[in-house]
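# Overview (structure and organization)
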Amino acid sequence: MTTLQQIPESLQWNGETLNILDQTKLPLEIVYIEATSLQDVREAIVKLQVRGAPAIGLAAAYGLYLGVRDIETDKIEEFREQSRRFADELISARPTAVNLAWAVEKLLQLSSDAQSVAEAKFIIMEEAIKLHLADEATCKEIGENALTLLHDGAAVLTHCNAGSIATSRYGTALAPLHLAKEKGWEISAFATETRPVFQGARLTSWELKQSGIPVTLLTDNMVGYLLQNKKVDAIIVGADRITANGDTANKIGTLQLAILANYYQIPFYVAAPLSTIDISIETGKEIVIEQRDRSEVTNIGDLQIAPDGIDVLNPAFDVTPNELITAIITENGIVTSNYRETFLRWGNEE
Ligand SMILES: CSC[C@H]1O[C@H](OP(=O)(O)O)[C@H](O)[C@@H]1O
């Protein structure tokens, strides 16, 4: 029996429009917004109404279709030029998670041989649906691979939300927790609140509680105390972009967890699909880190918590160097070293 019965789907395509679970309303309200255009999808991505690297890739895929569907020319070259502009408009929504660009570029590539505009439009829609349907199986494979590193009775710490609502279903870092529960394992989690947008407090603690998985919420500055005083078997997080050498961009605050994990000699795992691996860049130094609005730091909702005009830093991600990562867990398997060779081999096998 799946633990996900109480977790709504992140995205629902009805053949004409995209219903997006508004993650900014969670955990207090389950609200879907209907995206009828590319611009609707792009806005939902920017506002984090849909968030999570795989989920924004899937949303962008549907967004591309919603855009190209209304292109009126019957000239394939004109269609391709406009499609490229739509793709770039979507990709510009958020720069760090490679899944967004990966999904959109894949649809353009798959439709590049179409002999007519109508055929190209059909391929883009069909392939967007295929990506969506394939993602759940990918997340379950990641979860099964991650379970080989855990055990019945394990306690894991996670950061941000790399859960079911950040993907199609199951999640990446949270996939092993859902699968462990389905296998009847006793497994528990610690979830950091994840300032400034509270994906951990609002989303992960809600997702795991709804799934019947014991979860303890802590503030981001309590992790040192936790690892010093409690038994934590592993830290497992998601990813937004993994470079050829295994450096990994993930939610801001991940780097310090990796440093603490290494100090306390606790395994630090990254769980992500192959679509999060960007073999085109060698190291994390080349990853563009999204800088978000100052209000996310100076306010909690409508409540101002900092003085007017204060200088603010708000990078949405940081980069964990590969030497602090115990293993990267994907649907293809678990990698602990020689990342570039493995990623290249997997890319050639695709
Ligand atoms: C499987 S979600 C991956 C990744 O995406 C999240 O970022 P955001 O909430 O800003 O979209 C977070 O870094 C997760 O670990």
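Structural data are supplied above this passage.
The following paragraphs examine the structure supplied in this document. As the structure is a computational prediction, the values presented were derived from the model and not from experiment.

At a minimum axis distance of 7 Å, the contact between helix α1 (residues 38–46) and helix α2 (residues 53–68) shows a crossing angle of 160°. In terms of their interaxial angle, α1 and α2 are classed as roughly antiparallel. Note that α1 runs across α2; the crossing there is left-handed. Here L38, V41 and I45 of α1 come into contact with α2, specifically with I56, A59, A60, G63, L64, L66 and G67. Taken together, the residues of the contact of α1 with α2 sort by class into eight nonpolar, two polar and no charged.

Spatially, β11-β8-β9-β14 is the arrangement adopted by the four strands of the open sheet, whose pairing is mixed. Looking at which strands have only one partner, the edges of the open sheet turn out to be β11 (277–278) and β14 (317–320). Strand direction decides the pairing type here: strand β8 (residues 241–243) and strand β9 (residues 248–251), joined by two bridges, are antiparallel. Paired with R241 across the two strands is A249, which belongs to β9.

The next subject is helix α6 (residues 175–182). Taken across its eight residues, α6 has six buried, putting it largely inside the fold. Buried within α6 we find A175, P176, L177, H178, L179 and A180. Trailing α6 by a residue or two, G184 shows a phi angle of about 85°, which is positive.

Here the focus is the site of the ligand. Around the ligand sit 17 residues in total, of which R51, R94, D240, N250 and K251 are the nearest. The contact in question runs from an oxygen atom of the ligand to an N or O atom on the side chain of R51, over 2.8 Å. Here R94 contributes a side-chain N or O atom positioned 2.7 Å from an oxygen atom of the ligand. Taking 400 Å² as the accessible area of the ligand by itself, protein coverage stands at 100%.

About the cut-offs
Residues numbered from 1 in each chain as written. Predicted model: local features only at pLDDT ≥ 70, side-chain atom pairs only at ≥ 80, totals over all residues. Heavy atoms only, no water. Axes fitted to C-alpha atoms, helices over the stretch in contact; angles between N-to-C directions. Helix = DSSP H or I, 4+ residues; strand = E, 2+ residues; numbered from the N terminus. Parallel < 35°, antiparallel > 145°, perpendicular 65-115°, else oblique. Left-handed = near helix turned anticlockwise from the far one by under 90°. Contact = heavy atoms within 4.5 Å. Nonpolar A, V, L, I, M, F, W, Y, C, P; charged D, E, K, R; others polar. Pairing = 2+ DSSP bridges. Buried < 20%, exposed > 50% of the residue type's maximum accessible area, 1.4 Å probe, protein only. Near = heavy atom within 4 Å. Polar contact = N/O pair within 3.5 Å; in protein donor to acceptor, adjacent residues only side chain to side chain. Areas by Shrake-Rupley, 256 points an atom, 1.4 Å probe, with all protein chains shown as cover.

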